[in-house]
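Architecture at a glance
Below are the chains, spelled out letter by letter.
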Amino acid sequence: MTVTSATGTMRIVRPRRVIRRSEAKWTWLLVGVIAAILLIWEAAVSWLQLIPASFLPPPSAIAVSFGKLLVDPEFWGAFGYSLGNVAIGLVIAVVVGVTVGLAVGWSPVLRFTVAPFLWLLYSTPKVALAPLFILGLGLGSESKIALVFLLAVFPIILNTMEGAVTVSTSLVNAGRVYGVNGVALGWKIIVPATLPYSLSGIQRGAALGFTGEVLGEFLGGTGGLGHMLEYAAYQFQMDDAIAMVIVMVIIANLTLLLISTLRRRLAPWYDDRKIAGAS
Amino acid sequence: MTTTSIERNEAGAPLISVRDLSVSYDVARTGKRLTAIEGVDLDVHEGEFITVLGPSGCGKTTFMNVVAGLVKPTTGTVLVGGSPVTGPGPDRAVVFQDYALLPWRTVFDNVKFGLEMQKELKGAGWRERVQEAIELVGLAGFEQSYPRELSGGMQQRVGLARAVVAEPRILLMDEPLGAVDALTREVMRDEIEKLMAATGKTVLFITHSIEEAILLGDRIVVFKSHPGAIKEIIETGLERPRSERSIQHDPRFLELRDHLWDALQGEATAAAVSK
Amino acid sequence: MSAFLAAGPNLGRGGIGAWLAGLSPAGKAGVLAIEVVVMLVVWQLVVGVFGWINPVFLPPPTAIAQGFVELVAGGTLWPNMLISAQAWLIGFAIAAVIAIPVGLLMGSSLPMDRVVGPIAWTIYATPTIAYQPLAKAWFGFGIGPVIFLVAVSALFPILLNVAAGMRTTNASIIRAGKVYGASRTQLYRSVYLPSTVPFLFAGLRQAVVLATIGMVVAELAGSASGMGALIIKAANTYQTDQAFAAIAIVVAWSVGMTQVVTLVERWAAPWTRKGRR
Ligand SMILES: Nc1ncnc2c1ncn2[C@@H]1O[C@H](COP(=O)(O)OP(=O)(O)OP(=O)(O)O)[C@@H](O)[C@H]1O
Ligand SMILES: [Mg+2]
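Residues numbered from 1 in each chain as written. Chains lettered and ligands numbered in written order. Predicted model: local features only at pLDDT ≥ 70, side-chain atom pairs only at ≥ 80, totals over all residues. Heavy atoms only, no water.

1. Side note on the UniProt feature "transmembrane region" (unreviewed entry) in chain C
Residues and elements named next belong to chain C. As annotated by UniProt and renumbered to match this structure, "transmembrane region" (unreviewed entry) occupies residues 29-53, 87-108, 115-132, 138-160, 208-232 and 244-264. Secondary structure content for residues 115-132 is 67% helix and 0% strand, and the end C-alpha separation is 25 Å. Overall, residues 138-160 shows 83% helix and 0% strand. The separation of its end C-alpha atoms is 27 Å. (UniProt positions renumbered as here; feature names shortened; annotations may be inferred. Helix = DSSP H or I, 4+ residues; strand = E, 2+ residues; numbered from the N terminus.)

Structural data, given as structure tokens:
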């Protein structure tokens, strides 16, 4: 399922799962396939020794590493450090992004003058600026928070802007007809109507912010999940490294789930599919 | 008012024969079954023009889709030319309510779609046939336009041309003039009337306009809703050729119009109350 | 940063807004060009002339231009650019070659969709940077991890868009195909595939952006060559003007490749007429 998004491209929205009896069959199939893959992997590495375990450790070794991580205080310290930075950067990005997005989406003049630059900055691979941030702000948390902010803010701005543009034309007229004006117009119509757009921007922004944090840790500093992962891979402790990757996969997917749940909760009337399609 | 039976008093086997047809849908979201139409009986003879009237949501499109072979009957039988309908076939063409044009094809290529699928592009003269159909619906000059460059009414006319050019025995039209402006509508109506009279095609024509139903139909099938079923079938018995102007003051026309008006209004209120 | 035209009391819906809306396309382009020039001049003044910002962190436009000249003269630009472009193109090609058939398969077979779909979504939701250290351990310090990261970044947007395109083919068009006698293969060829084309290009455009991010990340975090390595080397020696020049080239590459995809789309799917904005 896709929605046309502020990026002008289509963002794919994960199809909603409707749990029904016929769906259970597919869940079992999926579980079966994954189990089969793990089994073949285990067999190829530990029993047949087709691949050296130091290169690609078997699932059992990864599971052991994963278990060890969960009871390792150092891991939880890194976890808190990384997610703390992401959270701070993301909150600033949301505040700034939504404000700027509403303003630009709302004012035709701003839209005409500022929007093209926002587009350009949006499509710029801003990760390239990471070394300069480290250079300017040092190896501590500041540079990482700034990087999270920079990477996360543009999708939020552009999606909010798109929402505001969509709203401003039709809904606002409807609101005016029914005598809604001023602050009430903003509160009753613009904010709820742009909310789902902002949230999908935040969803994208969170993923990019996470990239920023991890990249920042790769490039310098001594704390965080990215650093731990990098160190494990550098030591060629592949079981530890893959366990760390699994941790990141879980974090990323949980964040995504959280935000889409939030979106469904806050804007249940909003249907991803309504603006779907490429025709 | 003369309400005729399901069979017209005419010799020979009917071209379309529907017996005790009902269709219900599984509504995936709620897990319930929804009965769209129930107990429909109808015979249509070769060359007949049947118009179908009924309130919105009463199952007209569903009925037509069954005849087209797109929806399977839940119970009952549908025979076309004596054999049961198992799927779509080249003997039936459909003008869809929502146009259903291929967005990536130009008007010309959309109109030739039916011929292409049936591999009839080899013989000579297909270009002329396509071009003729396009001119017939008044779209000459738009052959190379894409659907999204056309208005709703123009797209609907492309759908009409696509159906006509496939030269089916039976034309199934689902509100083919729904999105067309009043003037074009009148012209198109006359064209359809002439075309059908000339080619002797059998037509099932869904409309929301009482006047249109009378003007075009040999018989008018009136549907009721909840559940969808045939309420009555009326023979118009008006002289052909008809035109908007010539029948405007015909007492039979006025009588039919009042009768249908009452019938549909009753249905509409019933539908509103049952909600 | 370019809100100069919007400054002043005229922020409302009338006035400048109405005037701008009434401009011809050429006029709009002209206003934008003026805006760009004004922005560059102000940037130059703020950093280069008044020195309000330390030019090491944000060098003025003239310094960046100079950095570009230095890169070219120093002979470091071309080799690094070639290596990056090579890695990008190879990775992108690998992604497309895998993603398109698998996406089509996913779109036409329900079991495939239900098995590959959730796995693909899970990987897609994770920033590809997480896989970078693994790639480095497996493929060494050369071009290998860069290709890997580009391919992984580009793969899933293409795959998932193609599958979504197949799945969301308009039901009433499928019905029309059946009514007019399309066989199963004809239905795929003339209905499903064309209606997936816009989704494919949307996926490719998204993939261009993500692949470029993947490339930069891989090169920044452990590659001896490529644009990312060039940026890092320049930054570490406080030659930020060169770093910015290199970043500008990466931006140009990303924008250029997106443009290429859009042009190919215009040519291959003229009915969409949507362009990029
Ligand atoms: N695919 C479907 N799944 C579930 N229910 C359906 C489906 N198609 C139609 N229905 C239901 O069947 C009933 C009849 O629909 P149908 O489209 O045949 O009505 P209609 O008479 O053509 O209406 P209109 O005049 O508005 O076009 C409606 O209540 C509709 O909700
Ligand atoms: Mg209908």
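Alright, that's what it looks like, and here's the rest.
2. Some remarks on the coordination of the magnesium ion (ligand 2)
All names here are of chain B. Taken together, the protein donors to the magnesium ion (ligand 2) comprise T61 (OG1) and Q97 (OE1), at separations of 1.9 to 2.3 Å. Note that T61 is positioned in helix α1 (residues 60-68) and Q97 in the loop between β6 (92-95) and α2 (107-111), a separation of 36 residues in sequence. Judged by its relative accessible area of 28%, T61 falls in the partly exposed class. (Donors = N, O, S within 2.8 Å, 3.2 Å for Na, K, Ca; no water. Buried < 20%, exposed > 50% of the residue type's maximum accessible area, 1.4 Å probe, protein only.)

3. Things to note about the UniProt feature "domain: ABC transmembrane type-1" (unreviewed entry) in chain C
Within the UniProt annotation, "domain: ABC transmembrane type-1" (unreviewed entry) is assigned to residues 81-262 of chain C. Taken end to end, residues 81-262 of chain C is 85% helix and 0% strand, and its first and last C-alpha atoms sit 23 Å apart.

4. As for the UniProt feature "transmembrane region" (unreviewed entry) in chain A
Residues and elements named next belong to chain A. Those residues carrying the UniProt feature "transmembrane region" (unreviewed entry) are residues 26-44, 83-105, 117-138, 145-161 and 241-259 in this numbering. In the segment residues 83-105, helix accounts for 100% and strand for 0%; the C-alpha atoms at its two ends are 31 Å apart. Between the end C-alpha atoms of residues 241-259 the distance is 27 Å, and the span holds 100% helix and 0% strand.

5. Re the layout of surface pockets
All names here are of chain C. Reported here for the second largest pocket is a volume of approximately 1100 Å³. Looking at the lining of the second largest pocket, the element that brings in the most residues is helix α5 (residues 110-125), giving six residues. For the lining of the second largest pocket, a count of residues per class yields 28 nonpolar, one polar and no charged. (1 Å grid on protein atoms, 1.4 Å probe; cavity = no way out; pocket = protein on both sides within 12 Å on 5 of 7 lines; lining within 4 Å. Points joined across faces, edges and corners; volume = space filled by probe spheres on them. Nonpolar A, V, L, I, M, F, W, Y, C, P; charged D, E, K, R; others polar.)

6. Things to note about the pattern of salt bridges
Residues and elements named next belong to chain B. Counting across every chain of the model gives 15 salt bridges over all chains. Across the pair E212 and R185 runs a salt bridge whose closest N-O atoms are separated by 2.9 Å. A residue pair is termed long-range when its members are at least 10 positions apart, and E212 in helix α7 (residues 210-216) and R185 in helix α6 (residues 182-199) qualify at 27 residues. Residue E212 shares its accessibility class with R185, and that shared class is buried. One salt bridge connects R252 with E255, and the closest N-O pair in it is separated by 3.4 Å. Pair noted here: R252 and E255 are both in helix α9 (residues 251-274), with a separation of three residues, about one helical turn. Its relative accessible area of 18% is what places R252 among the buried residues. (Salt bridge = Lys/Arg side-chain N within 4 Å of Asp/Glu carboxyl O.)

7. Regarding the interface of chain C and chain A
With 73 residues of chain C in contact, the opposing surface of chain A contributes 67 residues. Counting each side, the surface lost to burial between chain C and chain A is near 6200 Å², with a carbon and sulfur contribution of 78%. The interface formed by chain C and chain A includes one salt bridge. The residue E230(A) makes a salt bridge to K136(C) at a minimum N-O spacing of 3.4 Å. On inspection of chain C and its partner chain A, the count reaches three residue pairs in polar contact (both at pLDDT 80 or more). Broken down by secondary-structure element, the contributors of at least two residues to the side of chain C that touches chain A are α1 (15-21), α2 (25-49), α5, α6 (132-139), α7 (144-167), α9 (184-220), α10 (227-236) and α11 (240-268) of chain C. Among the elements that make up the side of chain C that touches chain A, the one with the highest residue count is α9(C) (11 residues). Residues that form the side of chain C that touches chain A fall into these classes: 51 nonpolar, 13 polar and nine charged. (Contact = heavy atoms within 4.5 Å. Buried area = accessible area lost by both parts, 1.4 Å probe. Polar contact = N/O pair within 3.5 Å; in protein donor to acceptor, adjacent residues only side chain to side chain.)

8. Some details on the domain arrangement of chain C
Under the domain assignment, chain C is made up of domain 1 (2-53) and domain 2 (68-276). Inter-centroid distance (C-alpha atoms) of domain 1 of chain C to domain 2 of chain C is 34 Å. (Domains from an automatic or database assignment.)

9. Observations concerning the interface of chain B and chain C
Across the contact, 27 residues belong to chain B and 19 residues belong to chain C. Here chain B packs against chain C, burying approximately 2000 Å² in sum over the two surfaces, 65% of which is carbon and sulfur. Looking at the side of chain B facing chain C, the largest losses of area belong to W104(B), M117(B) and R148(B), adding up to 34% of the total buried there. In this structure, the connection of chain B to chain C is made through zero salt bridges. Across the chain B-chain C interface, the total number found is six residue pairs in polar contact (both at pLDDT 80 or more). Taken together, the elements giving at least two residues each to the side of chain B that touches chain C come down to β6, α3 (113-117) and α5 (152-165) of chain B. The element best represented in the side of chain B that touches chain C is α3(B), accounting for four residues. Of the residues that constitute the side of chain B that touches chain C, the class distribution is 15 nonpolar, four polar and eight charged.

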